[in-house]
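Structure assessment
One letter stands for each residue in the lines below.
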Amino acid sequence: MPNYQPWYHGTITRSKAEDLLSKAARDGSFLIRGSESIQGAYALCVLYQNCVYTYRILPNEDKKLSVQASDGVPIRFFSMLPELVEAYYSPNMGLITHLQYPVQREVEVDDEPESNNLPPQLPPRNFAANDVKDSDPKSSEQACKSLSDTYLMRLQHMDLSTVPEEHQMAIQEYFRTSICLDAEQVQYGNPNLPGLKKLTLAICKNLNSEITRILPALEVFHRSFDQQLSPGIGQFPKHFSGDSGQSVTLRLEKLTKLLYSIEDKAKSSMFESVGQEGGHRKSLIPLVTFEVKQESLGISTKMFLKVDVESGKLYLKKSRDGPEDKFFVHNKILQLVKSQKMHAKLNIVAETEKEKILRKEFVFEDTKKREGFCQLLQQMKNKHSEKPEPDMITVFVGTWNMGNAGPPHKIDSWFQCKGQGKTQDDTADHIPHDFYVIGTQEDPLGEREWADTVKGVLRKITNISFKQVAIHTLWNIRIVVLAKPEHENRISHVFSDSVKTGIANTLGNKGAVGVSFMFNGTSFGFVNSHLTSGSEKKLRRNQNYINILRFLNLGDKKLNPFDITHQFTHLFWLGDLNYRVEFPSTEAEYIVTKIKQQQYQELLCKDQLNMERNEGKVFLHFDEEEITFAPTYRFERDTREKYAYTKAKATGTKYNLPSWCDRVLRKSYPLVHVVCQAYGCTNDIMTSDHSPLFASFEVGVAVVQFVSKQDPNSAPQGGIQIMNCVATLSTKSKTKFFIEYHSSCLEKTVKTLEGENTEQTNGSIKVWFGNQVELTPIISDPEYLLDQHILICVKSTDCDESYGEGCIALRAAQFCYTEFQITLTHHGEKTGTLTGGIQIKTSEGKPTEKLYDFIKVERDDTVTSKGKGGDANKCSLTQTLDISNPSYMGVSFRSGNVIDKGWSYSMPPKNLPIAGQGGKDKKGYDVGTRSPTAKPLNPTGEDEKGSEMFDNPLYGAMGKSRGKDQEHQQKDHLTPPDPFFAISKPADGDLDRPPLPTPRNRSFTCSETRPQPPAPITSYPSTHKKPVVPSRSEGGMAPNRPPLPSKSRPGVPEPQNPRDYRDNSELPNKHRPPARPVQAQAHKDPHPEVPKIGRSVK
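Everything numeric here is computed off the predicted structure, so don't read it as measured data. (Residues numbered from 1 in each chain as written. Predicted model: local features only at pLDDT ≥ 70, side-chain atom pairs only at ≥ 80, totals over all residues. Heavy atoms only, no water.)

**A few points about the overall build of the protein**
Per the secondary structure count, the protein includes 19 helices and 42 strands. Residue burial in the protein is summarised as follows: out of 1098 residues, 55% are buried. Pairs at least 24 apart in sequence give 70% of the contacts found in the protein among residues at least 6 apart. (Helix = DSSP H or I, 4+ residues; strand = E, 2+ residues; numbered from the N terminus. Buried < 20%, exposed > 50% of the residue type's maximum accessible area, 1.4 Å probe, protein only. Contact = heavy atoms within 4.5 Å.)

So, in structure tokens, the structure goes:
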């Protein structure tokens, strides 16, 4: 808008517009905002009878504006918005009611710049081209004279003693005459600035000839490093020497790039000469020996485990210097099972030469040693894997507010995850991450200087020369992404962008920079933000977050309806978020005392970010690893022993209480593997008043260059069916809605027909979208399809704007029809829910083992066997239950009180066959309940092998030896009668009760482990169901796990053929946990044929 209008609200969100109109509460109240779906268009929002009607204002080719009003009303065109608004004050113009009361826009208070964090000085702007164009020649001449005088005056105050006299005269002459000519050229649309070009050529005359003289020598030197000559480089000399009048800046840029390229190739050559290949040493990870204890017949024996990652062997020795005759080769080590109760205990499941399965139990010195051992063995499995593409990578994420000071000489600890909090063991020091993502704020260095610094540190630690994927800077906010050289060809679709959120959203002293890319078939997004400072500016920080969500332009352009929280498989948000601990300033010493005592919980309860997340105001459905380190701000520089929480200012003393300003959060698609291995801060980097923060993640990735195992001509066509969708939207808009389905696995975007609206008593709208929608995937192989996700967008028919987005994981329907419930969000706010059912048909196929299936977590029961240790067939009383994304320190993941993860599924037991496979019996380990792949693992490669370990409840039972209770449970499960698509029947006639979802497994994105209360034991009989057998574990049992022996439950009668209903939707009413207050059933549905959906997993 060229001029300020009270009814024009700019780029406010649709929900914000509805709130403002609701507060106005008068028919005919209106406002205009920018359209969210069409660039350059507007949305006219009108309130009538407590409903908001939205009309699009579209520009035509001549930039004339028109309103999409009711049919039959002639279309009128207007040159300006004020003219359009004035016309629609009249009745009978096609709107629901004529415009009457403009809703005033809210005045936003801008931040005051901090005295110690001034933005870079902007160049002078004495005139604007538009102003000159619209003014008369006389005023234009005055502006030019003012501009000329300004620069001549500045020149007089500069030291010109080192500048040659001829150059001084040339510059003075330009400011006297030529600058006015250049201004006229800009005024008339010519950006070439001929006067400036002439001056540059005159000053750089000697430089130009020198460039022409030295380029051939540099080009020959550059080509000498190439094994194969590039045709393009051979044309360099002719190109440069042909036209000496070419832009000097362009020639210098090419010269600079050539020098940088020579430097990089020389470094690579040096690495090769000292025994490295492509930046990798032949022996990258040194041998590591762990001292452990092994119990046998109640006697504890000291042993030593020596890990040789490069040769792929694990040695078992009785003394540190003993013989190395006993070892396991990498392909014979089948699984590592970590105990949750004893944090230092680990079971190694391996195959012997006689093809017998052994389970050896070891206790390490401490938890860190156990985690270091697991990481080394996982690295070994990955290094010697025969897979052409990785299915798991590691990502380092670091953030540091550098305080406008350069880094110290040694910053290794940051990249090795050493310091306070959840840190890595020394044995993992030399294990490189696949990606390093480093975000800095108040960074005084140049881009190349900082990138070279980081690369140098990583080269020293890992002996790898990492490749730069992207670097992006907004003022002093910067993000750098580095990757292993071996991943260079797996990375594509790299995008970067920035958003300013400083004063008036125009200055870049605050804001965000972001980078996104595809790694094979998995999308990654990284956002580094520096939000508004000040303890009292919490709401301003919230608004910064919303603005970044809305305007950061990353990722696939086809996903424009979705903000960045839905566009990426994995999104990591890092930076100085500046949220503070909300205590009175008088409590400063109390806070410091609590920090010294390492009692952080009371302080974290008052952490502004935690409180705002709990209320759903920011970072909805994001996860953050538990904070176990001291606040990272505000320290006295050059020490980490003292917090400087006071600052003297002209207005008085300002308090900056110690706070966790620096954070790393993440959000991933449902049912994908992601585990946080480290989260903490350094102790030894003290040049800033902030400590650097580090986080390390283990992330599952999909393969994009997928080649199906099936003959494409004979493989059956796959299918995805989504049915019975019901959306509940928190809106007062009077419009119709439809659903869009997006996914890279689909042939095209699919839209549904208009839904049927029903207004609810609470002011929301419930929309039914018909019976079913059929989607056609491009590949039907289960190994590809089960890694995919469907993005859902509920849109309005009038403005084509999104009213909520969500995501469905196809893995949830791996075995049969599955009901889902997802939270719909838009621009970071919850806008409603969507429920429905999904079923998929895949071709025949057996998913392969994933690398992240190699390590499992068990929760031990208090009763253990007295059998011999190491015999998997005898020590079988230890009950296991995988927990979702456990922390590697043995503490279950916590993220404040944030419980709502945005999705839930009524998932069946994992021993059902994969959809479309005809119910074939699968043999081998059944680890389906412990991995997002739900893959039946057969480590021996032969179905009849390994039978000795299948009686062990840790790994479940084979299909042929399934117990009666398990067979009964499988028969009773909801299975569609149709071999392709069918809707399952509700359980036991209780139509109004949503089925209870199964416990989520350890590798899922949802990272909270909420203990489920055991169902009460009752003595009254049931004709169809038996009472639930109580478990001593905190969560639900795996579906195919045998019951605990009766001696482990003293005083409790053992019912016949007990069934655990916690993993089944058929839970008896009297045993069902009570509904949460927020899930209390509303009034009776007017559409009883729509099945109810599973409750949200808490």
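**Observations concerning unusual backbone geometry**
The peptide bond linking Tyr-633 to Arg-634 adopts the cis configuration, its omega dihedral lying at 5°. Tracing the backbone through its elements, the reader meets Arg-634 in the loop between α17 (608-614) and β24 (646-649). In this structure, Lys-63 is a non-glycine residue whose phi angle is positive, near 65°. Note that Lys-63 resides in the loop between β3 (51-59) and β4 (65-67).

**Some thoughts on the packing of aromatic side chains**
Across all of its chains, the model carries 33 aromatic pairs by this definition. Here the aromatic rings of Phe-517 and Phe-526 are separated by 5.9 Å at their centres, their planes lie at 25°, and the arrangement is stacked. The exposure classification of Phe-517 matches that of Phe-526, with both residues buried. Three or more aromatic residues link up through ring pairs in this structure, and these residues are Phe-435, Phe-517, Phe-519, Phe-524, Phe-526, Phe-572 and Phe-697. When the ring centre of Tyr-803 is taken as origin, the NZ or CZ atom of Arg-14, which lies over that ring, is 3.8 Å away. For the cation-ring pair, Arg-541 lies above Tyr-579, with the distance from its terminal atom to the ring centre recorded as 5.2 Å. (Phe/Tyr/Trp six-rings, centres within 6.5 Å; stacked < 30°, edge-to-face > 60°. Lys NZ or Arg CZ within 6 Å of the ring centre and 35° of its normal.)

**Let's talk about the sheet that holds strand β9 (residues 299-308)**
Strand order in the open sheet formed by 8 strands is β11-β10-β9-β8-β14-β13-β12-β39, with mixed pairing between adjacent strands. Both outer strands of the open sheet, β11 (327-329) and β39 (855-858), are each paired with one neighbouring strand and no more. Direction aside, the axes of adjacent strands within the sheet are offset by 30° on average. With 7 bridges connecting them, strand β13 (residues 345-351) and strand β14 (residues 357-364) associate as antiparallel partners. (Pairing = 2+ DSSP bridges. Axes fitted to C-alpha atoms, helices over the stretch in contact; angles between N-to-C directions.)

**A word on the pattern of salt bridges**
Scanning all chains against the criterion turns up 40 salt bridges. Salt-bridge contacts for Lys-302 lead to Glu-291; the nearest nitrogen and oxygen are separated by 3.6 Å. Taken together, the residues span a long stretch of sequence, with Lys-302 in strand β9 and Glu-291 in strand β8 (residues 288-296) at a distance of 11 residues. The class for Lys-302 is partly exposed, based on a relative accessible area of 47%. (Salt bridge = Lys/Arg side-chain N within 4 Å of Asp/Glu carboxyl O.)

**Overview of the sheet that holds strand β19 (residues 477-483)**
Taken together, the 7 strands give an open sheet; going across it, the order is β16-β27-β28-β15-β17-β19-β18, and neighbouring strands pair in mixed fashion. On the outer flanks of this sheet lie β16 (420-422) and β18 (467-474), each paired with one strand and no other. Taken pair by pair, the neighbouring strands of this sheet meet at an average axis angle of 10°, ignoring direction. Taken together, the 7 bridges between strand β27 (residues 674-681) and strand β28 (residues 693-700) define a ladder with antiparallel strand orientation. Following the sheet pairing, Cys-681 is matched in β28 by Leu-693.

**So, the side chain of Asp-576**
Tracing the backbone shows Asp-576 in strand β23 (residues 570-576). Nearest to the buried, unbridged Asp-576 among oppositely charged side chains is Arg-580, at 6.2 Å. Of note is the side chain of Asp-576, whose polar atom sits 3.2 Å from the backbone nitrogen of Asn-578. Contact partners of Asp-576, with chain neighbours within four places excluded, come to Thr-399, Asn-401, Gln-441, Ser-529, His-530, Leu-531, Cys-661, Asp-662 and His-690. (Lys, Arg positive; Asp, Glu negative; His and termini not counted. Polar contact = N/O pair within 3.5 Å; in protein donor to acceptor, adjacent residues only side chain to side chain.)

**Considerations on the nonpolar core**
One broad rule of soluble globular proteins: the nonpolar side chains tend to lie buried together. In this structure, Phe-373, Phe-415 and Trp-450 are the most contacted members of the largest nonpolar core, which totals 52 residues. Those residues in contact with Phe-373 that sit more than four places away from it in its chain are Phe-290, Leu-305, Val-307, Leu-314, Leu-346, Ile-348 and Phe-364. Counting residues in hydrophobic clusters, the runner-up holds 48 residues, among them Ile-491, Phe-572, Leu-574 and Phe-629. (Core = buried A, V, L, I, M, F, W, Y, C linked by side-chain atoms within 4.5 Å.)

**Examining helix α15 (residues 588-596)**
Here α15 has its buried residues at Ala-588, Ile-591, Val-592, Lys-594 and Ile-595. For α15, the arc enclosing every buried residue in end-on projection is 160°, short of the 170-degree limit, so these residues lie on one face. Buried residues along α15 sit in contact with α16 (601-605). Downstream of α15 by one or two residues, Gln-598 has phi in the positive range, about 55°. (Arc of directions from axis to C-beta.)

**A word on the environment of Lys-64**
One can find Lys-64 in the loop between β3 and β4. Each C-alpha atom, one on Lys-64 and one on Met-80, is 7.7 Å from the other, the two residues being 16 residues apart in sequence.

**Remarks on helix α10 (residues 367-383)**
Every α-helical turn comprises 3.6 residues, leaving residues that sit three or four positions apart pointing alike. Over its 17 residues, α10 runs 24 Å from end to end, which matches the ideal 24 Å to within 8%, given 1.5 Å per residue. The opening residue of α10, the one whose side-chain oxygen lies 3.2 Å from the backbone nitrogen of Lys-368, is Asp-366. (Expected span 1.5 Å × (residues − 1).)

**Things to note about the pairing of β24**
The sheet contact formed by β24 and strand β25 (residues 652-655) spans 4 bridges and is antiparallel. The residue of β25 that forms the bridge with Thr-646 is Tyr-655. Counting the residues between successive antiparallel strands, the hairpin from β24 to β25 contains 2 residues.

**Here we look at the environment of His-530**
Summarising the element assignment, His-530 is placed in strand β22 (residues 522-530). Here the alpha-carbon distance between His-530 and Cys-661, two residues 131 residues apart in the chain, equals 9.7 Å. One polar contact links His-530 to Asp-576, side chain to side chain, over a distance of 3.2 Å.

**Some remarks on the confidence of the model for the protein**
On average, the protein scores 76 in pLDDT, and the residues at 70 or more come to 69%. Confidence over residues 910-931 falls short of pLDDT 50; this stretch has 85 contacts with residues more than four positions distant or in other chains. Across residues 933-1098 the pLDDT falls below 50, and counting only partners more than four positions away or on other chains, this stretch makes 382 contacts in the model. (pLDDT = per-residue confidence, 0-100.)

**Examining the environment of Gly-806**
Relative to the elements of secondary structure, Gly-806 occurs in strand β36 (residues 802-809). Taking relative accessible area as the criterion, Gly-806 reaches 2% and is therefore assigned buried. Each C-alpha atom of the pair Gly-806 and Leu-834 lies 8.3 Å from the other, and the pair is 28 residues apart in sequence. Other than its neighbours up to four places away in sequence, Gly-806 contacts His-566, Ile-790, Leu-791, Ile-792, Ile-822, Thr-823 and Leu-824.

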